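# Close look at the chain arrangement
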Amino acid sequence: MNERLKTTFWLLAYTFSAGLMLTIFSLIEDFYRYLFSLLALYIGIRFFRRFETLGFRITFFVLSIVFYLLIAVIVSAFIFLRDHPDTIMGA
């Protein structure tokens, strides 16, 4: 496997998982939501140990925020449509 493709895959995997953990953290209101915050921090620490260049670290932060916003909007839309089925029917 090409090394550059492998690095890109790992970058996307880490950023998507960090964004997912941040989304779950923001949507859950119970006390165990902080577990997801710690998981996002752990993912960040693992990423920083694996990739030590500044460019990868900046890309990690930017893509994690992008994935967080994207997943949060999608999940919020599903929750809204689940709670308001009349929106789908046009009533």
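Glancing now at the environment of Thr23. Tracing the backbone through its elements, the reader meets Thr23 in helix H1 (residues 3-27). Each C-alpha atom, one on Thr23 and one on Leu69, is 7.7 Å from the other, the two residues being 46 residues apart in sequence.

For the structure on display, the rule yields 13 aromatic pairs. Centre to centre, the rings of Phe47 and Phe48 are 6.3 Å apart; their planes meet at 55 degrees, and the pair counts as tilted. Overall, the relative accessible area of 0% leaves Phe47 in the buried class. Judged by its relative accessible area of 26%, Phe48 is partly exposed. Ring plane angle 90 degrees and centroid distance 5.9 Å describe the contact between Phe48 and Phe61, whose orientation is recorded as edge-to-face. One end of the pair, Phe48, is in helix H2 (residues 33-50); the other, Phe61, is in helix H3 (residues 54-83), and 13 residues separate them in sequence. Here the aromatic residues Phe9, Trp10, Tyr14, Phe47, Phe48, Phe51, Phe56, Phe60 and Phe61 are joined through ring pairs into a cluster of three or more. The positively charged end of Arg33 is found above the aromatic ring belonging to Tyr34, 5.6 Å away from the centroid. Geometry around Trp10 places Arg50 over its ring, the cationic atom sitting 4.3 Å from the centre.

Quick notes on the rules
- Residues numbered from 1 in each chain as written.
- Predicted model: local features only at pLDDT ≥ 70, side-chain atom pairs only at ≥ 80, totals over all residues.
- Heavy atoms only, no water.
- Helix = DSSP H or I, 4+ residues; strand = E, 2+ residues; numbered from the N terminus.
- Phe/Tyr/Trp six-rings, centres within 6.5 Å; stacked < 30°, edge-to-face > 60°.
- Buried < 20%, exposed > 50% of the residue type's maximum accessible area, 1.4 Å probe, protein only.
- Lys NZ or Arg CZ within 6 Å of the ring centre and 35° of its normal.

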